[in-house]
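Letter by letter, the chains look like this.
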2 protein chains.
Amino acid sequence: MREHGAASTTPGRVGDVRRQNLALVLGNIGPDTRATRADIAAATGLTKASVSSLVAELLETGLVEELGVTRDGERGRPGVGLALDARRGALGAEINVDYLAVGVVDLHGTLRFHEVADAENRGRDAEDVLGELSALARRCVEAAQTAGVTLLGGGLAVPGLVNPARGTVLTAPNLGWRDADLSTALGGLIPDAPFGVVLSNEANSAALAELWYGHGASLRDYLFISGEVGVGGGLVIGSELFAGPQGYAGEVGHVVVEPGGRRCSCGGRGCLETVAGQEAILAAAGITDGGSTTAARMSALQAALGAGDAQAMSAVERAGHYLGIAVVSAGRLVDLSAVVLGGHFAALGTWIRPALLSSLDGFAPGLVPADRVAFSELGTTAALRGAAGGALLRALAAPYELLP
Amino acid sequence: MREHGAASTTPGRVGDVRRQNLALVLGNIGPDTRATRADIAAATGLTKASVSSLVAELLETGLVEELGVTRDGERGRPGVGLALDARRGALGAEINVDYLAVGVVDLHGTLRFHEVADAENRGRDAEDVLGELSALARRCVEAAQTAGVTLLGGGLAVPGLVNPARGTVLTAPNLGWRDADLSTALGGLIPDAPFGVVLSNEANSAALAELWYGHGASLRDYLFISGEVGVGGGLVIGSELFAGPQGYAGEVGHVVVEPGGRRCSCGGRGCLETVAGQEAILAAAGITDGGSTTAARMSALQAALGAGDAQAMSAVERAGHYLGIAVVSAGRLVDLSAVVLGGHFAALGTWIRPALLSSLDGFAPGLVPADRVAFSELGTTAALRGAAGGALLRALAAPYELLP
DNA sequence: CCATATAGTTCAGAACACATACTAATTCCC
DNA sequence: GGGAATTAGTATGTGTTCTGAACTATATGG
């Protein structure tokens, strides 16, 4: 048994125990659960003494606040309620092909401020786009400041493959970006953010937004599929994003669903994107007015569907059929039995759902029950919420970073 | 941000640090690396004092032995070489449709004893099969005893979905088993094994065998595809098996590769198994002698291929084509760029490889380079080696279990 | 008003890694 | 051949952290 890498590669120090327990205690404090020190001791298995000491340190970080004595009418001394402090938050931002979005999410999960600006970013220079984004962000940061919300960090989601560690976009085909270095722009978005601003993939961030602020309440494991100009995705497994060896997992848009099908921009053939991407659906629906924006044509498609247009219906049903194939393949491979659809799939939910269900039933009866096929309700704020949530999670996982 | 489960759910105690460091030190000791305490201190970042103390405890477990002073001609006091003790091993076993296999693997990764017995287990009673397996196992256990190899634990691999915690087979379609409880039989295989005998899926175990004893030397992340009567698989990501939420990940046999294709035994349609399973390949090759065993017909197929039979060639090429589709879909979803093929695919490697490569190139050029398409060389011992290796890894991950 | 129950704090004790100083064993070089 | 230099491994005191038991604080119930 060579290279039985059974354990981590870093030595455990005694201090690591405290770091783990700080995060553990913090994980038992919610936005409004009013958990007391005694509750936490019971829930975690730590002694009251340890919890007291850990909570004292968490109060210092500013992530947690005391709500005062909870009089619940029970016998005995009442405990002091603890909750995450809503005066801490993070910035979330998204660059997409046809809009920019920025917002602030606090530790209670509330979207406190946000701005969405229509834009036509396809082929536009990265520096140019980032300038516009920075202006939007500055307004949000100032609004947070005046409202007394301290920003701990932030996230920026883009529709492409990214290297979060370096702050670079390897490739964003629909924006026309290759090897774009956004690290300095990211650093400038929030002054003195202890957890920095991190780059992420748009579909991955939207998948996480769904976990934290959407259907995640009832789902711990699912495939998220984001329909935009391209088709992206994210795998959420055990309430965590499964990133894969290189961080590019979840690329469901290039799963092969029609072996004899059309060539794809990725160089392959029969990818899901070639039959369920915006352009493919619009073309199949016969909505081919190249002059208007993609967003406008999507609205036209919805209007046609509302009017019962047969060609539009069959185009969407076709997309649902192929979506089902991709979901089944993903379900078998990664052991998933739930799917959440976002982006344009959410907007087309009413019409796409029956075809998707029938496809699922045909290709893998019983694998994905109908009540585990969900549609996102987060709209254009999904990715920014996920990006902000990621920053909040970094803070909650490493609260000791906020101590002297 | 509700339920931000940022950390583990168990409290960290001071003693956990030692457990982690025991495993960390052990992870730096190989079969014959002759690592010294000083080497380990340098590699792990622990101090020499800590390493000395940890090594002393590991020597007590019997997993590690001192090889004596290493005279390397360098200046300074020579160190004492440390290595995993080959006198510790584990039992591995496999029940498959047409054979039983049992063996003992020691901590150096050497297969010390093994027996493979042909059998026709399809539809045979579980108790009956386990009786025969136990007899084979008893011989191996005795051989280990007389050779001075102490068995720490074991593993049994079966072609089906299993619940390792309970020791039950939920379903093994090709054996005809449903809800079979093997826990008592497992417990009886090795007397007083400190790490027990654990049930596993055959393809998953074979995937791990490949990691530890096969192509894993050069691959940390890959999809393993096992061609048997059914088509199974396993995902190895970051040098670990990715089991998925319920433990059923890697079921590549039921990825949809031919949407308009045949019905599958799983109830679906167009699954990989319907075009690349043994029966499918044999039927397409025109080798339809229902009287002889599947194994005999596979030999006939190889003979036909060797003779250049056109129908046999096109049958295998077809399987390779569809294998490529499944590999591409898996690669996109889970971010993989390597594949290892085992079972009958390994036996057909010479003929299947060109079709697979051309399929990969057609559906996702550049995703899986030709030098990352490998074929297993472990034959019928793959699953038993993986099952034994799993037991060894449990011991290496929790050496403190062997201390008083 | 006192018994009882629950919340939270204080303090001694044990476990552990670390830093430093030590002993042990080898090679280098005059 | 013998001392200097070098490297391996051990011994000891210190700081951190959890635990458990005793203690204080604050409520309800009769």
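Residues numbered from 1 in each chain as written. Chains lettered and ligands numbered in written order. Predicted model: local features only at pLDDT ≥ 70, side-chain atom pairs only at ≥ 80, totals over all residues. Heavy atoms only, no water.

Caption draft 1: Broad picture of the sheet that holds strand 7 (residues 161-163) of chain A. Residues and elements named next belong to chain A. With antiparallel pairing, the three strands of this open sheet are ordered in space as 7-8-9. Looking at the sheet topology across the chains shown, the edges are occupied by strand 7 and strand 9 (177-181). Across the sheet, the mean angle from the axis of one strand to that of its neighbour is 10°, orientation sign disregarded. Relative to strand 8 (residues 168-172), strand 7 runs antiparallel, the two sharing three bridges. In the sheet register, V162 faces strand 8, and the bridge partner there is V169. (Pairing = 2+ DSSP bridges. Helix = DSSP H or I, 4+ residues; strand = E, 2+ residues; numbered from the N terminus. Axes fitted to C-alpha atoms, helices over the stretch in contact; angles between N-to-C directions.)

Caption draft 2: Main features of the relation of the copies chain B and chain A. By a simple turn and slide, chain B fits onto chain A: the slide is 0.0 Å along the axis, the RMSD is 0.1 Å, and the turn is 180°. Such values leave the two copies arranged in the relation of a two-fold axis. Within chain B, the C-alpha atom positioned nearest to the axis of rotation is that of V14(B), 3.1 Å from it. Taken as a fraction of all interface residues of chain B, those also at the interface in chain A reach 100%, which identifies the copy contact as same-surface. (Least-squares fit on C-alpha atoms with pLDDT ≥ 70 in both. Contact = heavy atoms within 4.5 Å.)

Caption draft 3: The arrangement of the interface of chain B and chain A in detail. Taken together, the contacts link 76 residues of chain B with 76 residues of chain A. Taken over both partners, the interface formed by chain B and chain A buries close to 5800 Å², and the fraction arising from carbon and sulfur atoms is 64%. Run the count over chain B and chain A and you get 17 residue pairs in polar contact (both at pLDDT 80 or more). Looking at the side of chain B that touches chain A, the elements that each hand over two or more residues are helix 1 (14-27), helix 6 (202-213), helix 10 (310-334), helix 12 (349-363) and helix 13 (382-397) of chain B. Among the elements that take part in the side of chain B that touches chain A, helix 1 of chain B stands out by supplying eight residues, more than any other. The residue makeup of the side of chain B that touches chain A, split by class, is 44 nonpolar, 24 polar and eight charged. (Buried area = accessible area lost by both parts, 1.4 Å probe. Polar contact = N/O pair within 3.5 Å; in protein donor to acceptor, adjacent residues only side chain to side chain. Nonpolar A, V, L, I, M, F, W, Y, C, P; charged D, E, K, R; others polar.)

Caption draft 4: Region of interest: the protein's contact with DNA strand C. K48(A), S52(A), R77(A), V80(A) and R18(B) are the nearest of the 30 residues found near DNA strand C. Close to the protein, within 4 Å, the atoms of DNA strand C are drawn from sugar and phosphate at a rate of 74%. Between DNA strand C and N21(B), the relevant distance is 3.2 Å, taken from a phosphate oxygen to a side-chain nitrogen or oxygen of the residue. The separation between a base oxygen of DNA strand C and a polar main-chain atom of G76(B) is 3.3 Å. Broken down by secondary-structure element, the contributors of at least two residues to the surface near DNA strand C are helix 2 (37-44) and helix 3 (48-61) of chain A together with helix 1 and helix 3 (48-61) of chain B. In terms of residue count, helix 1 of chain B provides more of the surface near DNA strand C than any other element does, four residues in total. (Near = heavy atom within 4 Å.)

Caption draft 5: How the structure looks around the pattern of salt bridges. Enumeration according to the criterion identifies 20 salt bridges over all chains in this entry. Taking the shortest distance from any N to any O, the salt bridge between R87(A) and E65(A) comes out at 3.2 Å. Note that R87(A) is positioned in the loop between strand 2 (80-84) and strand 3 (88-95) and E65(A) in strand 1 (residues 64-69), a separation of 22 residues in sequence. Assessed through its relative accessible area of 44%, R87(A) is described here as partly exposed. A salt bridge links R18(B) to E57(B), with the shortest nitrogen-to-oxygen separation between them at 2.9 Å. One end of the pair, R18(B), is in helix 1; the other, E57(B), is in helix 3, with 39 residues separating them in the sequence. Looking at R18(B), the relative accessible area reads 31%, which means it is partly exposed. What you see here is one network of salt bridges that share partners, running through E65(A), D85(A) and R87(A). (Salt bridge = Lys/Arg side-chain N within 4 Å of Asp/Glu carboxyl O. Buried < 20%, exposed > 50% of the residue type's maximum accessible area, 1.4 Å probe, protein only.)

Caption draft 6: Spotlight on the environment of G214(A). All names here are of chain A. With respect to the helices, strands and loops of the structure, G214 is situated in the loop between helix 6 (202-213) and strand 11 (222-227). A residue is classified by how much of its surface remains accessible, and G214, at 24% relative accessible area, is partly exposed. Here the alpha-carbon distance between G214 and F375, two residues 161 residues apart in the chain, equals 9.5 Å.

Caption draft 7: Here's a closer look at helix 9 (residues 294-306) of chain B. All names here are of chain B. Taking 1.5 Å of rise per residue, the 13 residues of helix 9 would be expected to cover 18 Å, and the 18 Å separating its terminal C-alpha atoms lies within 8% of that figure. Those residues of helix 9 lying buried are T294, R297, M298, L301, A304 and L305. Take helix 9 and look down its axis: the buried residues cluster within an arc of 115°, on one side only. Relative to its buried face, helix 9 has exposed residues pointing more than 90 degrees away, namely A303 and G306. Along its buried surface, helix 9 packs onto helix 8 (278-285), helix 10, helix 11 (344-347) and helix 12. Two residues or fewer after helix 9 comes G308, characterised by a positive phi angle close to 80°. (Expected span 1.5 Å × (residues − 1). Arc of directions from axis to C-beta.)

Caption draft 8: Local environment of the protein's contact with DNA strand D. Close contacts around DNA strand D come from 31 residues, with R18(A), K48(B), S52(B), R77(B) and V80(B) the closest. For DNA strand D, the backbone makes up 74% of the atoms found within 4 Å of the protein, where backbone means sugar plus phosphate. Measuring from a phosphate oxygen of DNA strand D, one finds a backbone N or O atom of T47(A) at 3.5 Å. One of the backbone nitrogen or oxygen atoms of R37(B) is found 3.0 Å away from a phosphate oxygen of DNA strand D. Elements supplying a minimum of two residues to the surface near DNA strand D: helix 1 (14-27) and helix 3 of chain A together with helix 2 (37-44) and helix 3 of chain B. Along the lines of polarity and charge, the residues of the surface near DNA strand D split into 10 nonpolar, 11 polar and 10 charged.

Caption draft 9: Broad picture of the domain arrangement of chain A. All names here are of chain A. Domain boundaries assigned for chain A yield domain 1 (14-84), domain 2 (88-207 + 382-402) and domain 3 (215-377). For domain 1 and domain 2, the distance between their C-alpha centres works out to 31 Å. Mapped onto the side of domain 1 that touches domain 2, the elements with two or more residues apiece are helix 1 and helix 3. Here the side of domain 1 that touches domain 2 takes four residues from helix 1, the largest share from any one element. Considered class by class, the residues forming the side of domain 1 that touches domain 2 number seven nonpolar, two polar and one charged. (Domains from an automatic or database assignment.)

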